[in-house]
Amino acid sequence: MIPTPSTSHLTKEDFRKVYEPAEDTFILLDALEADAEALTRSLSAPLCVEIGSGSGIVTTFLSQIFGSNTGTYIAIDLNPHANRCTVTTGKANGVHIEAIRTSLLSGLRSRLRGNVDVLLFNPPYVPTEEEEEAMAQGKAGIEGSWAGGATGTRLVDELIDDGVISDVLAEGGRCYLVAIKQNDPQGLVRRLKVQGLEAEVVLARRAGGEHLHVVRAIKP
Ligand SMILES: C[S@@+](CC[C@H](N)C(=O)[O-])C[C@H]1O[C@@H](n2cnc3c(N)ncnc32)[C@H](O)[C@@H]1O
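Small disclaimer: the values here were computed from a predicted structure and weren't measured.

### Observations regarding the sheet that holds strand β1 (residues 47-51)
Part 1 of the argument: The seven strands lie next to each other as β3-β2-β1-β4-β5-β7-β6, forming an open sheet whose pairing is mixed. Looking at strand neighbours, the two that pair on one side only are β3 (98-101) and β6 (198-207), the edges of this open sheet. Taken pair by pair, the neighbouring strands of this sheet meet at an average axis angle of 15°, ignoring direction.
Part 2 of the argument: Of the strand pairs in this sheet, β6 and strand β7 (residues 210-218) are connected by nine bridges, and their pairing is antiparallel. Along β7, the bridge assignment pairs Ala207 with Glu210.
Part 3 of the argument: The sheet contacts of helix α5 (residues 80-92) involve β2 (72-77) and β3, and relative to β3 the element is tilted by about 180°.
Part 4 of the argument: Where helix α10 (residues 185-194) meets the sheet, it contacts β5 (169-180), β6 and β7, and its direction lies at approximately 165° from that of β6.

### Observations concerning a negative patch on the surface
Part 1 of the argument: A surface patch of negative charge is lined by Glu129, Glu130, Glu131 and Glu132.
Part 2 of the argument: Glu130 sits in the exposed class, given a relative accessible area of 56%.

Calculation rules
- Residues numbered from 1 in each chain as written.
- Predicted model: local features only at pLDDT ≥ 70, side-chain atom pairs only at ≥ 80, totals over all residues.
- Heavy atoms only, no water.
- Pairing = 2+ DSSP bridges.
- Helix = DSSP H or I, 4+ residues; strand = E, 2+ residues; numbered from the N terminus.
- Axes fitted to C-alpha atoms, helices over the stretch in contact; angles between N-to-C directions.
- Contact = heavy atoms within 4.5 Å.
- Patch = residues over 30% accessible without salt bridge, like charges linked within 9 Å, V, L, I, M, F, W, Y side chains within 5 Å.
- Areas by Shrake-Rupley, 256 points an atom, 1.4 Å probe, with all protein chains shown as cover.
- Salt bridge = Lys/Arg side-chain N within 4 Å of Asp/Glu carboxyl O.
- Lys, Arg positive; Asp, Glu negative; His and termini not counted.
- Charge placed at Lys NZ, Arg CZ, Asp CG, Glu CD.
- Buried < 20%, exposed > 50% of the residue type's maximum accessible area, 1.4 Å probe, protein only.

Below is the structure:
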């Protein structure tokens, strides 16, 4: 069993500004752990990119699967406090994470094209008024952790429908997305398939009031 990275260096004050790991975080860790053997078998020096890294716990966990001196870890977040927390969580657990402040993969897409071995995104997935989502994105604070627009998939839609995921993944590269039932995970799977990816729901469970899913897409 891979240990959950320590976040004990982060304070209550940090978690007022940055998303605190919760059930949606943990289902993503579980999906990665379930694929640990396949990940390490097929990738020796992986380039791993997480969008929306928050506390940094997911990227740190992924580095533990590969071994912390193996691979390159890039963690993106729109929230500058998340960038800082991600770096300190990496350090506290012995991994170097490059934190970048941008929206989705803006400014990085052409550099990453065909090179990403593992792409992760636990997005803001709660269905909200579009105005509320736009305001949350503008503030780049904690509100941006959950406000997901009309169907909760505004950011994921942008990644899928603009072909960003299929574009940046390397051959054999994998993308893991968290979604809830209201996001229509099977619809996400269908649209990822349209982009030429092998996609499926690999994990689903109820937690509190949410029916959480992890969608995995692999570039053949
Ligand atoms: C649900 S939280 C997930 C945090 C962490 N990965 C986890 O699983 O605990 C979503 C994260 O996405 C970030 N985010 C929201 N909009 C973003 C955007 N346009 N580009 C990059 N990150 C974004 C938020 O700041 C937040 O840290």
